Amino acid sequence: MIKTFITVKGKSERCPRKNIKLLPYVLRQCSSYLDITVITDDLSIKRICGEYNVDCFIEDKSVQTCEFNSIYNYLVQTNQLDTIKEFVCLPVTQPIRNNETIMNVAYSDLTGYDFVTTYSIVPNRKIFLLNDDFTYQYDSYERKGSLCKDTKMIDGYVYKIKTESLVRIIASNNINHEFWNNSKIKFVKNTTGIFLDVDEPRD
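Starting afresh in each chain, residues are numbered from 1 along the sequence in its written order. Where local features are concerned, this predicted model is filtered to residues with pLDDT of at least 70; where side-chain atom pairs are given and counted, the filter is 80 or more; whole-chain, interface and lining totals use all residues. Hydrogens and waters are ignored; side-chain quantities use all the structure's heavy atoms.

Draft legend 1. Fine view of the pairing of strand β2 (residues 34-40). Note on classification: 1.4 Å probe, protein chains only; a residue is buried when its accessible area is under 20% of the maximum for its type, exposed when over 50%, partly exposed between these limits. Helical segments are the DSSP runs of H or I of at least four residues, strand segments are the runs of E of at least two, and each set is numbered from the N terminus. Most of β2 sits out of view: six of its seven residues are buried. The pairing of strand β1 (residues 2-8) with β2 spans seven bridges and is classified as parallel. Its bridge partner lying in β2, T7 is registered against I39. With strands facing away from the observer, any crossover in which the path from the first strand over the helix to the second runs clockwise is taken as right-handed. Since β1 and β2 lie parallel, the crossover through helix α1 (residues 18-30) that links them has a hand, and here it is right-handed. One ladder, built from four bridges, connects β2 with strand β3 (residues 55-58); its direction is parallel. Bridge assignment links I39 to a residue of β3, and that residue is F57. For two strands to count as paired, DSSP must find a minimum of two bridges between them.

Put into structure tokens, the structure is as follows:
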């Protein structure tokens, strides 16, 4: 099975404990065919992982890290930095999942790429965007839904990353910029058909 990491922070500012509440959705669907380790700073997660027979690694809660730091620190502390050559990263904030898409990413060939992630087809509704004074941001004589053309959007539904690329990204001054702007990215279409990224309670 493909080595997979799920990072779950106990604290969430806009949507309290959202990651903890969403974790079972991911484990219920994916724990039977992915080799999952949950990395968390919250001890209560261990009980959830136990229900799905999934490994749980408790990281130092006093150290504020992003998900890439969490995975890197885990690999270093468990002496697996040189043995795990690539891995899948599953965010928990997208609970509506599609096994086909996950497997397409998990078994993607990363030759020539740093990582692979997914994109969705979404309607481009920019013709309806407003300025602060409620004027249109984009001028158009027509305001019809038919003018909204479909467009591609990175959705970050699932990732597969080379460990050597992770090391480079962690060593940079700006992890997010290095990840997205200085990496060779392979894209796989998300065939779920629904894009939902839980970011606040109303989601």
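Draft legend 2. Summary view of the packing of aromatic side chains. Stacked, edge-to-face and tilted labels apply to pairs of Phe, Tyr and Trp rings (six-membered ring for Trp) whose centres lie within 6.5 Å, assigned for plane angles under 30 degrees, over 60, and everything in between, in that order. In the structure shown here, the tally under the stated rule is ten aromatic pairs. A ring pair is formed by F115 and Y159, whose centres lie 6.2 Å apart and whose planes are at 55°; its orientation type is tilted. Of this pair, F115 sits in strand β5 (residues 115-123) while Y159 sits in strand β7 (residues 159-162), placing them 44 residues apart in sequence. Comparing F115 with Y159, the two get one shared label, buried.

Draft legend 3. Representation of the pattern of salt bridges in the model. One side-chain nitrogen of Lys or Arg within 4 Å of one carboxyl oxygen of Asp or Glu is enough to make a salt bridge. For the structure on display, the rule yields six salt bridges. Here K9 ties to E59 by a salt bridge, and the two come within 2.7 Å at their closest N and O atoms. Of this pair, K9 sits in the loop between β1 and α1 while E59 sits in the loop between β3 and α3 (67-77), placing them 50 residues apart in sequence. On the basis of relative accessible area, K9 is assigned to the partly exposed category, the value being 22%. We classify E59 as buried; its relative accessible area is 11%. Its salt-bridge partner being R168, residue E178 comes within 2.6 Å of it at the nearest N-O pair. Pair noted here: E178 is in helix α6 (residues 175-181) and R168 is in helix α5 (residues 163-171), with a separation of ten residues, a long-range link.

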